[in-house]
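Letter by letter, the chains look like this.
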Amino acid sequence: MPVLTGVSFRLSQGQGLVLRGANGIGKTTLLRTIAGLQPQLSGQIAGAGERAGYASHADGIKPALTVAETLRFWADLYRTELPGDVFELFDLENLRERPAGTLSAGQGRRLGLARLAVIGREVLLLDEPTVSLDVFSVKRFAGFLRDRHLARGGIAVIATHIDLGLDLPVLDLTPHRAALEAQGGSDEAFL
Ligand SMILES: Nc1ncnc2c1ncn2[C@@H]1O[C@H](COP(=O)(O)OP(=O)(O)OP(=O)(O)O)[C@@H](O)[C@H]1O
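Notes on the structure follow. None of these values were measured; they are calculated from a predicted model. Counting of residues starts from 1 at the beginning of each chain's written sequence and follows it residue by residue. Whole-chain, interface and lining totals are the exception, using all residues; otherwise, since this is a predicted model, local features are given only for residues with pLDDT of at least 70 and side-chain atom pairs are given and counted only at 80 or more.

**Description of the sheet that holds strand β1 (residues 16–20)**
Okay, step 1: Here we have 5 strands laid out as an open sheet, ordered β2-β3-β4-β1-β5, and parallel in their pairing. Unpaired on one side and paired on the other, β2 (52–55) and β5 (170–172) mark the two borders of the sheet. Going from strand to strand, the sheet's axes swing by 15° on average, the running direction of each strand aside.
Okay, step 2: When DSSP finds two or more bridges between a pair of strands, those strands are recorded as paired. Each helix is a run of DSSP H or I of at least 4 residues and each strand a run of E of at least 2, with the numbering of both proceeding from the N terminus. Inspection of the sheet shows strand β3 (residues 123–127) paired to strand β4 (residues 155–159) by 5 bridges, in the parallel sense. Along β4, the bridge assignment pairs Asp 127 with Ala 159. Note on geometry: axes are lines fitted to C-alpha atoms, helical ones only across the stretch in contact, with angles between N-to-C directions running from 0 to 180 degrees.

**A look at the nonpolar core**
Okay, step 1: By definition, a nonpolar core groups buried Ala, Val, Leu, Ile, Met, Phe, Trp, Tyr and Cys residues that are joined through C-beta atoms within 7 Å. Partly exposed residues are those whose C-beta has more than 12 but fewer than 20 other C-beta atoms within 10 Å; 20 or more makes a residue buried and 12 or fewer makes it exposed, with C-beta atoms placed from the backbone. In this structure, Ile 34, Ala 114 and Leu 125 are the most contacted members of the largest nonpolar core, which totals 38 residues.
Okay, step 2: Our contact criterion uses C-beta atoms placed from the backbone: two residues qualify when those atoms are within 7 Å. Filtering out sequence-adjacent residues up to four positions away, Leu 125 remains in contact with Leu 31, Ile 34, Ala 35, Ala 52, Gly 53, Tyr 54 and Val 157.

**Observations concerning the packing of helix α2 (residues 67–78) against helix α4 (residues 105–118)**
Okay, step 1: The N-to-C vectors of α2 and α4 enclose an angle of 35°; their axes lie 10 Å apart at closest approach. The crossing of α2 and α4 is right-handed. Between α2 and α4, the residues in contact are Val 67, Thr 70, Leu 71, Trp 74, Ala 75 and Tyr 78 and Leu 111, Ala 114, Arg 115 and Val 118, respectively.
Okay, step 2: Only Asp, Glu, Lys and Arg are considered charged, only Ala, Val, Leu, Ile, Met, Phe, Trp, Tyr, Cys and Pro nonpolar, and every remaining residue, Gly among them, polar. Across the contact of α2 with α4, the residue classes break down as 8 nonpolar, 1 polar and 1 charged. Each helix crossing is assigned a hand: it is left-handed if the near helix lies turned anticlockwise from the far helix by less than a right angle, otherwise right-handed if that turn is clockwise.

**A few points about the pairing of β3**
Okay, step 1: The buried count for β3 comes to 5 of 5 residues, which makes it a mostly enclosed element.
Okay, step 2: On β3, burial covers both faces: Val 123, Leu 125 and Asp 127 on one face and Leu 124 and Leu 126 on the other are all buried.
Okay, step 3: As paired elements, β2 and β3 share 4 bridges and run parallel to each other. Each bridged residue has a counterpart across the sheet, and for Tyr 54 the counterpart in β3 is Leu 125.
Okay, step 4: Handedness rule for crossovers: strands pointing away from the viewer, path from the first strand over the helix to the second running clockwise, crossover right-handed. With helix α5 (residues 135–149) bridging β3 and the parallel β4, this β-α-β connection has right-handed handedness.

**Topic: the environment of Gly 36**
Okay, step 1: Inspection of the secondary structure puts Gly 36 in the loop between α1 (27–34) and β2.
Okay, step 2: Measuring from C-alpha to C-alpha, the distance between Gly 36 and Tyr 54 comes to 9.6 Å, with 18 residues separating the pair along the chain.
Okay, step 3: In this view, Gly 36 contacts Ala 48 and Gly 49; residues no more than four positions away in its chain are not counted.

**Focus on unusual backbone geometry**
Okay, step 1: One non-glycine residue, Arg 79, lies in positive phi territory at about 55°.
Okay, step 2: Relative to the helices and strands, Arg 79 resides in the loop between α2 and α3 (86–89).
Okay, step 3: Residue classification places Arg 79 among the exposed residues on the basis of 8 C-beta atoms within 10 Å.
Okay, step 4: Phi angles above zero are rare outside glycine, and Ser 132 is one such case at about 80°.
Okay, step 5: Mapped onto the elements of the fold, Ser 132 is located in the loop between β3 and α5.
Okay, step 6: Its 17 C-beta neighbours within 10 Å are what place Ser 132 among the partly exposed residues.

In structure tokens:
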């Protein structure tokens, strides 16, 4: 069943794009499709694949591992070097030895987002990355995106309802909505 139709964009190195649209319009679906996690019904997606890192609503954290162990685990998994300043970048210095399962929602989200600095992927696909973050942490994460990712030639597609203050172009998906209701589908998923 089509969710979105006629979506087309191209991003060069150093460029970001914000996806906007009402709940259920298909932002997650589009990001997951670009990431290769589900197939598109038609059309073409080029340049993501192995270059892409996808961050979903979930942080994918193992509760028993400490914050430091979690970051080391991701660095080993992706065969990258752990950036020396990753704890500072995501305000995790005082939480290094804390089991991830004991973190608050916002702390856990900061740890989940720190994965993006570890995996070394050029194309970041971010689904509501600032959920649970306080104002200070949102600014810090926006700084990471601007100074550490986009400024170094990275690409980012970000589904977000809030203003990250990055002055990125916005793609409103509203005109691309497929007529789900007309096909007997619903426009909200409760999974
Ligand atoms: N597993 C599923 N089975 C059936 N329909 C689904 C499934 N997942 C999503 N959908 C439907 O696909 C459409 C797009 O969902 P999607 O999660 O991509 O929207 P979204 O724009 O990310 O929403 P939100 O802003 O609420 O996160 C919705 O109508 C949703 O109900």
